[in-house]
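# Report on the structure
The lines below spell out each chain.
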Amino acid sequence: MILKTAVFVIFLWIFSFSQDSAADVIEQKSLNGTFVVQLQVKPDPPQMGINNTAILKVFERDSKVKVEGALIEVTPWMTVHSHGSSKKTKIKEKGDGVYTIEDVYFTMEGEWDLIVKIAKNKQEDQVVFTFRNVKK
Ligand SMILES: [Cu+2]
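What you see is a predicted model; the values in this text were computed from it and never measured.

Our next topic: the environment of glycine 95. Among the secondary structure elements, glycine 95 is positioned in strand β6 (residues 90-95). Spatially, the C-alpha atom of glycine 95 lies 8.1 Å from that of glycine 69, the residues being 26 residues apart in sequence.

So, about the sheet that holds strand β5 (residues 83-84). Strand pairing in a sheet is mediated by backbone hydrogen bonds. Such pairs are either parallel or antiparallel. Read across the open sheet, the four strands follow the order β5-β4-β8-β9; overall the sheet is antiparallel. The two strands at the open ends of the sheet, each matched to only one other strand, are β5 and β9 (123-134).

Let's shift gears to the environment of proline 45. Locating proline 45 in the fold gives a position in the loop between β2 (35-42) and β3 (52-60). Residue classification places proline 45 among the partly exposed positions, given that 13 C-beta atoms sit within 10 Å. Separated by 90 residues in the primary sequence, proline 45 and lysine 135 place their C-alpha atoms 8.8 Å from one another.

Burial of β6 is sparse: only zero of the six residues sit out of reach of the surface. Two elements, β6 and strand β7 (residues 98-104), share five bridges in a ladder whose sense is antiparallel. Counted as the bridge partner of lysine 90 is glutamate 102 from β7. Taken together, β6 and the strand that follows it, β7, pair antiparallel across an intervening segment of two residues, in which aspartate 96 is found at a positive phi of about 60°.

This next bit is on unusual backbone geometry. Most peptide bonds take the trans form, and the phi angle of most residues other than glycine is negative. That bond from lysine 42 to proline 43 is cis: its omega, -5°, falls within 30 degrees of zero. You can see proline 43 is positioned in the loop between β2 and β3. In this structure, the amide linkage connecting aspartate 44 to the following residue, proline 45, adopts the cis form with an omega of 0°. In this structure, serine 82 takes a positive phi of about 55° despite not being glycine. Under the C-beta neighbour-count criterion, serine 82 is labelled exposed, with 7 such atoms within 10 Å. Phi is positive for asparagine 121, close to 50°, though the residue is something other than glycine. Relative to the assigned elements, asparagine 121 resides in the loop between β8 (110-120) and β9.

The rules behind each value
The written sequence of each chain sets the order in which its residues are numbered from 1. Confidence filtering applies because this is a predicted model: local features only for residues at pLDDT of at least 70, side-chain atom pairs given and counted only at 80 or more, and all residues used for totals across whole chains, interfaces and linings. Starting at the N terminus, helices and strands are each numbered in turn, a helix being any DSSP run of H or I of at least four residues and a strand any DSSP run of E of at least two. Strand pairing follows a simple DSSP-based rule, namely that at least 2 bridges must link the two strands. Every C-beta atom is placed from the backbone, and the number of other C-beta atoms within 10 Å of a residue's own sets its class: buried at 20 or more, exposed at 12 or fewer, partly exposed in between.

No statement about biological role is implied by the geometric values presented.
So this is what it looks like as structure tokens:
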């Protein structure tokens, strides 16, 4: 009985820990509805002045088929001031519709958009993720 309780408590502890460290998955449809895109940022929320990273998963709209071999551009953009970042993001395809983004760099505090452009064959579309309150 004590052993069972101990195992249960340890399980709860591990579970709560994994819940804390897992970044939320934000899912959005692209502007013209061509793709469905899932984004996970790290850290969550992303911070000013550091190289944030992100994982992108790209699916075809209705079928949920994973989109491989897409050309992807990711641009941090501060819409209220009409400026971007001092760093260019680096994108790597990992297969299975997964793309990693490095050097997501926000140069000041405030509201930032992450503009994700996706091109595959003759289809081109974009999706914008907004981070309302990026801080140091
Ligand atoms: Cu600004």
